[in-house]
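Descriptive structure summary
Now for the letters of each chain:
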Amino acid sequence: MATAVSEQTLLTTSGLTKHFGGLPALHEVGFAAERGKVTALIGPNGAGKTTFINCLTGILRPDKGSMVFDGHALAGLAPHQIARLGIARTFQNLRLFAGLSVLDNVLCGLSAKAGDSFLEAFIRTPSLRHRERRLWLTALEALDTFGLSARADCPAGSLSYGEKKRLDLARAFVSGPTLVLLDEPVAGLNPDETERVGALIRQLRRGGATLILVEHDMDLVMSVSDHVVVLDGGRRIAAGSPEDIRRNPLVLEAYLGKISLTA
Amino acid sequence: MNARTAAAASYVRRHRTGLSVLGLSCALALVPLVLTNPWRLGILNLVALHAIAALGLNLFIGYAGQISLGHAAFFGLGAYGSAILTTAGGLPPWAAMPLTAAGVALTALVIGIPTLRLSGHYLAMATLGFNIVVHHAFVQWDPVTGGPSGLTGIPPFGVLGLTFQGETQQYYLLWGTAMAALTLSVNFVRSGVGRGLAALAEDEVAAAAMGVDVRRGKIAVFTTSAVFASVGGSLFAHYMGTVTPDTFGIFASIDLAIMVVIGGIGSLWGSLAGAAFVTILPHLLGPLEDYKDILHGLIVVVVLLVLPRGLIAGLVDLAKARFARRWSAVTTRPA
């Protein structure tokens, strides 16, 4: 099945291509994410998943192809412009603001709503005060959702790894983004913490969030995804429901190898 | 009664920053009543002038995580701008100051757009280079800047028929401006824009992913810090009555950066302390003045080794650690 475009589709890419010095990292990748669904992007190491995410978020410029999000063409936009359209992301290697407090990290996730005016910031106008207060309440609510309220004033660098992962999620979700790209949200977590993050993802999906999940943990992918896209060597080799993917011989060969898929 | 004290406590907690600024301002307002020696007041006036520039520089170095070794150039441009406009130009000081600041802002914008693509050592070198060029212009452009001997006869600052003359009046003008600069800076760092800068200082990629316009933020804070320095420079010219190029060389820039670093990167209160420390230190050295530069450097190294987070934050940390040790000694002592 080719990428079906309907009004339910929030994000589509077609023919997305990116070469690094002649080596194709992405080749003619078509992709679609439906509103309110979890779309997983899987593939072995070096398959091009991170390159794909970096193209979507404006960190890399694709050589060719189009990316359309909610009616906006993304190619050529700067990362902060893409973020302001309503695409949030988490980072595989976290990239928290280690020296800032947990609360400030989450408040940074609301940067697009905090205003740009230096003058207003220096004078601290009443409208800025009100806005800051609203943002502060929103941030506290997000801390509560992600179980970090008790740590609000700690420096982010002092958190445990599991807490850091949740803070990264809180920072991405606090602004109520239209689409969230989750880059390996459970990498390095123990089974308990993985289950906790899995439950959060299911909860967010029930709340209507649209998610793109890049993940190695097949149990998590199979249990939370509505749709799975498989990359290998920079090409899309399969797409379908988790059930289809589980049985697809191409996928089994390319990615899953001889691991039994009896999860 | 209880509810009232609780409400008062909550008020104090919510407004602690504003109340601290107010408290410091009141304390500073009383100083000339106690300290009547004009020479000593003069030193405090220099502290205020440096504090204005250091506060702006701290927004750039401390909050946005960049480096500038050229801010004395902006301070100098402010001083020369006001000096030229009020002597040759015949403008009143209150009009010359904002005009000069606007010109300096434009200069900072033109310098900042290409140089802020750089970071770390490269940015330090670029800003240092800018300072050297500006200093040369002050020395060489004789007809306008008066060359190596500079400009004299700059009128004291005045506004609305009020002229600030003598150390005490100048003290209120300069410290009033410094406290205004502190208030503005304190407001700024607690805003979304301030958080955005703190975020980009930590991680530009992550900050951009949150919607922070990294490039615009850096250029805007660079320009803002140049305006702070320019205002400090203008007041300096009106305070001294003369300007000479050597006040605005690269060593002055390094002193400004040292004020920020000694005071504590990203601590606005620290910048005040840093400005005071670096300004007062040479006067305390007295007979050792010939060794000023060596001692100066040595003290900076020691402070950074012992209190890497700066004087204020470092001393607070030390006090906390001492207190915590004593506390744990008390609580863990066997009964």
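Everything quoted here is computed from the prediction, not taken from an experiment.

Now for the sheet that holds strand β2 (residues 23-34) of chain A. All names here are of chain A. Pairing in this open sheet of four strands is antiparallel, and the strands run β2-β1-β4-β5 from one edge to the other. In this open sheet, the two strands that pair with only one neighbour each are β2 and β5 (72-73). Note that strand β1 (residues 9-20) and β2 share eight bridges and pair antiparallel. Residue Phe20 lies in a different strand from β2, and its bridge partner there is Leu23. Lying on the sheet, helix α1 (residues 49-56) is in contact with β1, β2 and β4 (64-69); it crosses β2 at an angle near 65°.

A separate point is helix α12 (residues 250-263) of chain B. Every α-helix winds through 3.6 residues per turn, so residues three or four apart in the chain are directed the same way. Taking 1.5 Å of rise per residue, 14 residues should cover 20 Å, and α12 of chain B covers 20 Å from first to last C-alpha, within 8% of that figure. In the stretch just after α12 of chain B, Gly264 of chain B is the one whose phi turns positive, near 125°.

Looking now at the nonpolar core. Counting 179 residues, the largest nonpolar core has Ala170 and Leu213 of chain A together with Ile52 of chain B as its most contacted members. The dominant element in this core, judged by the number of residues it contributes, is helix α3 (residues 38-63) of chain B, at 14 residues. If you count residues domain by domain, this core takes at least three from each of domain 1 (1-86 + 178-263) and domain 2 (98-177) of chain A. Those residues in contact with Ala170 of chain A that lie beyond four places of it in its chain are Val106, Ala142, Leu143, Phe146 and Leu148 of chain A.

Let us look at the domain arrangement of chain A. Interface size is commonly expressed as the accessible surface area that is lost when the partners come together. All names here are of chain A. For chain A, the assigned domains read domain 1 (1-86 + 178-263) and domain 2 (98-177). Contact with domain 1, which involves 13 residues of that partner, is made by nine residues of domain 2. For the side of domain 1 that touches domain 2, the element with the highest residue contribution is helix α7 (residues 191-206), accounting for four residues. Among the residues making up the side of domain 1 that touches domain 2, the classes are represented as eight nonpolar, three polar and two charged.

Let us now look at the interface of chain B and chain A. At the junction of the two partners, chain B supplies 24 residues and chain A supplies 29 residues. At the level of secondary structure, the elements contributing two or more residues to the side of chain B that touches chain A comprise α8 (166-189), α9 (192-202), α10 (204-209) and α11 (214-240) of chain B. For the side of chain B that touches chain A, the element with the most residues is α9 of chain B, which contributes eight residues. Here the side of chain B that touches chain A is built from residues that sort into 13 nonpolar, seven polar and four charged.

All names here are of chain A. Ordered by their spatial adjacency, six strands build an open sheet running β6-β7-β8-β3-β9-β10, and the pairing between neighbours is mixed. Two strands in the sheet have a free side with no partner beyond their single neighbour: β6 (87-89) and β10 (235-240). Adjacent strand axes in the sheet meet at a mean angle of 20° when their direction is disregarded. Contacting β3 (38-42), β7 (179-183), β8 (210-214) and β9 (227-232), α1 runs over the sheet at an angle of about 150° to β7.

Conventions adopted
- Residues numbered from 1 in each chain as written.
- Chains lettered and ligands numbered in written order.
- Predicted model: local features only at pLDDT ≥ 70, side-chain atom pairs only at ≥ 80, totals over all residues.
- Pairing = 2+ DSSP bridges.
- Helix = DSSP H or I, 4+ residues; strand = E, 2+ residues; numbered from the N terminus.
- Contact = placed C-beta atoms within 7 Å.
- Axes fitted to C-alpha atoms, helices over the stretch in contact; angles between N-to-C directions.
- Expected span 1.5 Å × (residues − 1).
- Core = buried A, V, L, I, M, F, W, Y, C linked by C-beta atoms within 7 Å.
- Buried ≥ 20, exposed ≤ 12 C-beta atoms within 10 Å, placed from the backbone.
- Domains from an automatic or database assignment.
- Nonpolar A, V, L, I, M, F, W, Y, C, P; charged D, E, K, R; others polar.

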